[in-house]
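# Secondary and tertiary structure notes
Below, each chain spelled out in residue letters.
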Amino acid sequence: MKFNWVFSGDNNLAMQRTCIDLEYNLRPRIMRFLLSRLDVDADFSTFHFDVNVDKKWVTISDKTPKAYILKISPDFDHEINGDSFSSVA
């Protein structure tokens, strides 16, 4: 699983720390979500997510295989971006 960090401003130490903190919180939540919808033998290294730090929003990147996107996208926003994402930051 890979994250693409999207933010305005400089990539300073504070922003790097914010991204690290977000990743530590998002990675297990996204992994639990994926495991609840996919077989355990899915290739999780092919999943890519765009994280807009400013807007506090995660999207499934187009780099993720289409079959996986179709399978997880119906519930992704609700499960990952719902009320709980804002509490991660």
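Coordinates for the structure precede this section.
Small disclaimer: the values here were computed from a predicted structure and weren't measured.

In terms of regular secondary structure, the chain is built from 3 helices and 3 strands. When its helices and strands are written in sequence order, the chain yields β-α-β-β-α-α. If you line up the chain on its principal axes, its C-alpha atoms span 40 × 25 × 20 Å. For the chain, with 89 residues in total, the buried portion stands at 35%.

With that settled, consider the pairing of strand β3 (residues 57–60). Remember that side chains alternate between the two faces of the sheet whenever the strand is regular. A one-sided burial pattern is seen for β3, the buried positions being V58 and I60 and the unburied ones W57 and T59. With 4 bridges joining them, strand β2 (residues 48–52) and β3 adopt antiparallel strand pairing. Bridging across to β3, N52 finds its partner in W57. Hairpin connection of β2 to β3: 4 residues between the antiparallel strands, including K56 at a positive phi of 55°.

Its maximal kink placed at I72, helix α2 (residues 66–81) deviates by approximately 55°, while the proline P74 follows within four residues. Residues Y68, I69, I72, F76, I80 and N81 constitute the buried set of α2.

Moving on, we get to the pattern of salt bridges. Counted by the stated rule, this structure contains 3 salt bridges. A salt bridge links R17 to D21; the shortest N-O distance between them is 3.4 Å. Here the residue R17 and the residue D21 both occupy positions in helix α1 (residues 13–37), the gap between them amounting to 4 residues, near one helical turn. Here R37 ties to D75 by a salt bridge, and the two come within 3.4 Å at their closest N and O atoms. With R37 in helix α1 and D75 in helix α2, this residue pair connects regions lying 38 residues apart in the sequence.

This paragraph deals with the pairing of strand β1 (residues 2–6). Of the pairings in the sheet, the one linking β1 to β2 comprises 5 bridges and is parallel in character. Within β2, the residue paired with N4 across the bridge is D50. Handedness of the β1-α1-β2 crossover: left-handed.

Here we take up the packing of aromatic side chains. Per the counting criterion, the structure on display carries 7 aromatic pairs. Centre to centre, the rings of F3 and F49 are 6.1 Å apart; their planes meet at 35°, and the pair counts as tilted. Of this pair, F3 sits in strand β1 while F49 sits in strand β2, placing them 46 residues apart in sequence. Each member of the pair, F3 as well as F49, is classed as buried. On the basis of an interplanar angle of 75° and a centroid distance of 5.7 Å, the ring pair of F33 and F76 is categorised as edge-to-face. Taken together, the residues span a long stretch of sequence, with F33 in helix α1 and F76 in helix α2 at a distance of 43 residues. In textbook terms, an aromatic cluster arises when at least three aromatic residues are bridged by ring pairs, as seen for F3, W5, F33, F44, F47, F49, Y68 and F76.

Reading guide: rules and limits
Residues numbered from 1 in each chain as written. Predicted model: local features only at pLDDT ≥ 70, side-chain atom pairs only at ≥ 80, totals over all residues. Heavy atoms only, no water. Helix = DSSP H or I, 4+ residues; strand = E, 2+ residues; numbered from the N terminus. Buried < 20%, exposed > 50% of the residue type's maximum accessible area, 1.4 Å probe, protein only. Pairing = 2+ DSSP bridges. Bend = angle between axes of the 7 residues up to and from the residue. Salt bridge = Lys/Arg side-chain N within 4 Å of Asp/Glu carboxyl O. Right-handed = clockwise from strand over helix to strand, strands pointing away. Phe/Tyr/Trp six-rings, centres within 6.5 Å; stacked < 30°, edge-to-face > 60°.

Nothing here speaks to function; it is all geometry.
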